[in-house]
Amino acid sequence: MPHPLLLAIETSCDDSAVALYEGDRLVQHLTSSQTIHAHYGGVIPEFAARQHLEALPILLRHLLSETGRALADIGAVAATIGPGLVGSLAVGLSYAKGIAVGRRIPLVGVDHLHAHVMAHFIEPPYPDFPFLNLLVSGGHTQLMLFRSPLDYRIIGRTRDDAVGEAFDKAAVMMQLGYPGGPAIDRLARTGNPHAFRFPIARMPGFDFSYSGLKTALKYLLRDHPDALDRPADLAASFQEAALRPLIQNLERAARQHRIRHIGIAGGVAANSRLRQMAETAARQHGWRIFFPAIEYCTDNAAMVGRAARFLLEAGRTTDLSVTPYSRTPQV
Ligand code: KG4
Ligand code: ZN
């Protein structure tokens, strides 16, 4: 008897994505990225929600036809419920609710940040529990301690901007377009990371802060606009100051909690310098380090489906009255 299929939907920001699981096996996943936001240097929430409305039925049709499955084969449907843009989340969640009601199948609501970490379990090798995860994306920067797939604690978080957001805002100031992370990463490869001095934030506990770095770049460009003539050096110096606290906090947290398995997930985990720094730290401290494949680092529905599989296994389905949330409740 084949496992029932699970359909997963992700619409927390500006990527519409769907995935299909058969048991714990990812069958296929598709993502449609919205390009309209690049014209504005950031995501316009109303455009994002409208584009999800348009994209989801098309993506689902492709997903089913590419895998030779029918809607009638789906036994459960999962959707991201937060944190994210509420309008965007509501589109994906309502779509999932419609399928759940129409097909009389369970709904599984998934937390977007939990899903980013569950990306480690899509393809082996998997980290052993307990492990520490550094989640670095456009919306979030946090350290999470996982005791099991569904049991985790946030032990450090950003006090202001997320690191991906800092990359994106810096790229706009450096006239590199949006999203800025990949552009800075590329440019920085040929730059000198010590060419410009940026402050490295030191926060209490395992927290992070990026507002000082953003302001430092703004003042540097105001007082020395010719810094833009050395884009690679500027990108490399900024990137070094943005990434250094991530590694420092990981090192301190791993030492304090005596953990050797370290995961790094989220869109900024695609950064080549971060990967290099983490691998150097891993050699120094005897860590094993885990990065999801890049297609599972940026927003995607495969990670949402993986998280939903763990929730379903634990019998944790979601009531149809669920509503989306924009931020993680602070405890
Ligand atoms: O996880 P993600 O796709 O969406 C959120 O949930 O935020 O992350 C997007 C973020 C953007 O800020 C983008 O600039 C950043 O990830 N990013 C990178 C790189 N690739 C994507 N940042 C630095 N270096 C990269 N190579
Ligand atoms: Zn994300």
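Provided above is the structure to which this section pertains.
Here's a quick rundown of the structure.

Definitions and cut-offs
- Residues numbered from 1 in each chain as written.
- Chains lettered and ligands numbered in written order.
- Predicted model: local features only at pLDDT ≥ 70, side-chain atom pairs only at ≥ 80, totals over all residues.
- Heavy atoms only, no water.
- Helix = DSSP H or I, 4+ residues; strand = E, 2+ residues; numbered from the N terminus.
- Buried < 20%, exposed > 50% of the residue type's maximum accessible area, 1.4 Å probe, protein only.
- Contact = heavy atoms within 4.5 Å.
- Areas by Shrake-Rupley, 256 points an atom, 1.4 Å probe, with all protein chains shown as cover.
- Near = heavy atom within 4 Å.
- Polar contact = N/O pair within 3.5 Å; in protein donor to acceptor, adjacent residues only side chain to side chain.
- Nonpolar A, V, L, I, M, F, W, Y, C, P; charged D, E, K, R; others polar.
- Domains from an automatic or database assignment.
- Donors = N, O, S within 2.8 Å, 3.2 Å for Na, K, Ca; no water.
- Tetrahedral: all angles 85-135°; square planar, octahedral: opposite > 155°, others 65-115°.
- Core = buried A, V, L, I, M, F, W, Y, C linked by side-chain atoms within 4.5 Å.

## Some details on the overall build of the chain
Secondary structure summary: the chain contains ten helices and ten strands in total. By its C-alpha atoms, the chain is 60 × 45 × 35 Å across when sized along the principal axes. Relative to its 331 residues, the chain shows a buried fraction of 53%. Long-range pairs, those at least 24 residues apart, make up 72% of the contacts in the chain between residues at least 6 apart in sequence. Carbon and sulfur atoms make up 52% of the accessible area of the chain, which totals about 14,900 Å².

## Let's talk about the site of ligand 1
Surveying the vicinity of ligand 1 reveals 19 residues, the closest of which are Gly138, Asp168, Asp185, Gly267 and Asn271. One of the side-chain nitrogen or oxygen atoms of His112 is found 3.3 Å away from an oxygen atom of ligand 1. Between Asn271 and ligand 1, the recorded distance is 3.0 Å, taken from a side-chain N or O atom to a nitrogen atom. Counting only elements with at least two residues in the shell around ligand 1, the list comes to helix 3 (112-118), helix 4 (163-173) and helix 5 (180-188). A per-element tally of the shell around ligand 1 places helix 5 first, with three residues. Here the residues of the shell around ligand 1 sort into five nonpolar, eleven polar and three charged. Both of domain 1 (5-117 + 297-313) and domain 2 (127-291) provide at least three residues apiece to the shell around ligand 1.

## Some remarks on the coordination of the zinc ion (ligand 2)
Here the zinc ion (ligand 2) is held by the protein donor atoms His112 (NE2), His116 (NE2) and Asp299 (OD), which lie 2.0 to 2.1 Å from it. Coordination at the zinc ion (ligand 2) is irregular: its four donor atoms span angles of 94 to 143° at the metal. Summarised as a motif, the one-chain spacing of the donors to the zinc ion (ligand 2) is H-x3-H-x182-D. Of the two residues, His116 is situated in helix 3 and Asp299 in the loop between helix 9 (294-297) and helix 10 (302-313); the sequence distance between them amounts to 183 residues. Given the relative accessible area of 16%, Asp299 is considered buried.

## Some details on the nonpolar core
Among the nonpolar cores identified, the biggest contains 50 residues, and Leu132, Phe238 and Ile264 are the most heavily contacted of them. Counting residues per element, the ones that place at least two in this core are strand 6 (131-136), strand 7 (141-148), helix 4, helix 5, helix 6 (211-223), helix 7 (231-257), strand 9 (261-265) and helix 8 (272-285). At twelve residues, the largest contribution of residues to this core is made by helix 7. In terms of nonpolar packing, the next biggest core, distinct from the first, is built from 31 residues, Val110, Val117, Leu135 and Phe146 among them.

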